Amino acid sequence: MTKNSLTFFLGGARSGKSRLAQEMAESQHGSLAYLATGQAFDAEMADRIARHRTDRGPRWRTTDCPLDLPAAIAREAVLGNIVLVDCLTLWTSNLLLSDADLPAAQAALLAALAAARCPVILISNETGLGIVPDNALARQFRDAAGRLHQQVAALADTVFFVAAGLTLRLK
Ligand SMILES: Nc1nc2c(ncn2[C@@H]2O[C@H](COP(=O)(O)OP(=O)(O)OP(=O)(O)O)[C@@H](O)[C@H]2O)c(=O)[nH]1
């Protein structure tokens, strides 16, 4: 990982991608910034978030950014921290559910990533491998996530696909 490298971990739910991404960040010297897009809408998610916080330990500083992820990346980049974004999937779904301008938000994210002068590691769920969802919102989500993944992967220096705790290097 170089000073301003961009690394992208893409994989299924519970594939191990968060652990692998965290280990990569923790192997570096420097301050660690965790940008969380998840929101505790119910007790199960609150519980999961609490466990993740404990597992990450005191070296990490966490910022919640369910919507304004590009600004959060820009702030951390100024500080020169190692930035881990978990995850683009929930960010996309948060934007869709809040009726935000998705193409504009995605363009702002790509601009923030291109401008960042610090190592950034991004995590996202590959949700596009199943059959066509039968509701319109799910299809909109799947298409938006797929398009974003292509753009992030094009910008990234390194891209891993994660399955069963193992990585396949795509780029
Ligand atoms: N708000 C908030 N969300 C968090 C925090 N820690 C983790 N999360 C969210 O938890 C989610 C990841 O957790 P899981 O759903 O258990 O992981 P997963 O991606 O399915 O599983 P793996 O592939 O094994 O990483 C991400 O969407 C994060 O945003 C936190 O401190 N605050």
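See the structure shown above.
Computed from a predicted model, the values in this text were never measured in an experiment.

1. Section: the pattern of salt bridges
What the rule picks out here adds up to 6 salt bridges. A salt bridge links glutamate 76 to arginine 61; the nearest nitrogen and oxygen atoms lie 2.8 Å apart. With glutamate 76 in helix H3 (residues 69-79) and arginine 61 in strand E3 (residues 60-64), this pair connects stretches of sequence that are 15 residues apart. Judged by its relative accessible area of 5%, glutamate 76 is buried. On the basis of relative accessibility, which here comes to 38%, the residue arginine 61 falls in the partly exposed class.

2. Regarding the sheet that holds strand E4 (residues 82-86)
Taken in spatial order, the 7 strands make up an open sheet running E3-E2-E4-E5-E1-E6-E7, and their pairing is mixed. Edge positions in the sheet fall to E3 and strand E7 (166-169), since each of these pairs with one other strand and no more. Pairs of neighbouring strands in the sheet enclose a mean axial angle of 20 degrees, with direction left out of account. Here strand E1 (residues 6-11) pairs with strand E6 (residues 158-163) via 5 bridges, running parallel. Paired with leucine 10 across the strands is phenylalanine 161, a residue of E6. Across the sheet, helix H6 (residues 136-155) touches E1, strand E5 (120-125) and E6, and the angle it forms with E1 is around 145 degrees.

3. Remarks on the environment of aspartate 55
Looking at the element boundaries, aspartate 55 is found in helix H2 (residues 43-56). On the basis of relative accessibility, which here comes to 61%, the residue aspartate 55 falls in the exposed class. Measuring from C-alpha to C-alpha, the distance between aspartate 55 and alanine 114 comes to 30 Å, with 59 residues separating the pair along the chain.

4. What to know about the environment of alanine 138
Here alanine 138 shows up in helix H6. We classify alanine 138 as partly exposed; its relative accessible area is 24%.

5. Notes on the packing of H3 against helix H5 (residues 102-115)
With their axes 8 Å apart at the nearest point, H3 and H5 run at an angle of 10 degrees to one another. Relative to H5, H3 is oriented roughly parallel. Contacts between H3 and H5 involve Leu69, Pro70 and Ile73 from the first element and Ala105, Ala108, Leu109, Ala112 and Leu113 from the second.

6. Comments concerning the packing of aromatic side chains
Summed over all chains, the structure comprises 2 aromatic pairs. Arranged with centres 6.1 Å apart and planes meeting at 85 degrees, the rings of tyrosine 34 and tryptophan 60 form a pair that is edge-to-face. Taken together, the residues tyrosine 34 in strand E2 (residues 32-36) and tryptophan 60 in strand E3 connect sequence positions 26 residues apart. Above the face of the tyrosine 34 ring, arginine 56 is positioned so that its terminal group lies 3.5 Å from the ring centre.

Rules and cut-offs
- The numbering scheme is per chain: residues are counted from 1 as the chain's sequence reads.
- Local features in a predicted model are, by the rule used here, given only for residues with pLDDT of at least 70; side-chain atom pairs are given and counted only at 80 or more, and totals for whole chains, interfaces and linings are based on all residues.
- Hydrogen atoms and water are omitted, and side-chain values are computed over all heavy atoms in the structure.
- Salt bridges, as used here, are contacts in which a Lys or Arg side-chain nitrogen is within 4 Å of a carboxyl oxygen on Asp or Glu.
- Segments assigned H or I by DSSP are reported as helices when at least four residues long, segments assigned E as strands when at least two residues long, and all are numbered from the N terminus.
- Three labels apply to residues, based on accessible area from a 1.4 Å probe with only protein chains included: buried if under 20% of the type maximum, exposed if over 50%, partly exposed otherwise in between.
- Any two strands with at least two DSSP bridges between them are considered paired.
- Note on definitions: angles span 0 to 180 degrees between N-to-C directions of axes, and those axes are lines fitted to C-alpha atoms, for helices only across the stretch in contact.
- A contact between two residues is defined here by any heavy atoms of the two lying within 4.5 Å.
- Angle categories are assigned with fixed cut-offs, so that under 35 degrees is roughly parallel, over 145 is roughly antiparallel, 65 to 115 is roughly perpendicular, and the rest are oblique.
- We call Phe, Tyr and Trp rings a pair once their centres come within 6.5 Å, taking the six-membered ring for Trp, and we label the pair stacked below 30 degrees between planes, edge-to-face above 60, and tilted otherwise.
- For a ring to carry a charge above it, either NZ of a lysine or CZ of an arginine must fall within 6 Å of the ring centroid while also lying within 35 degrees of the normal to the ring plane.

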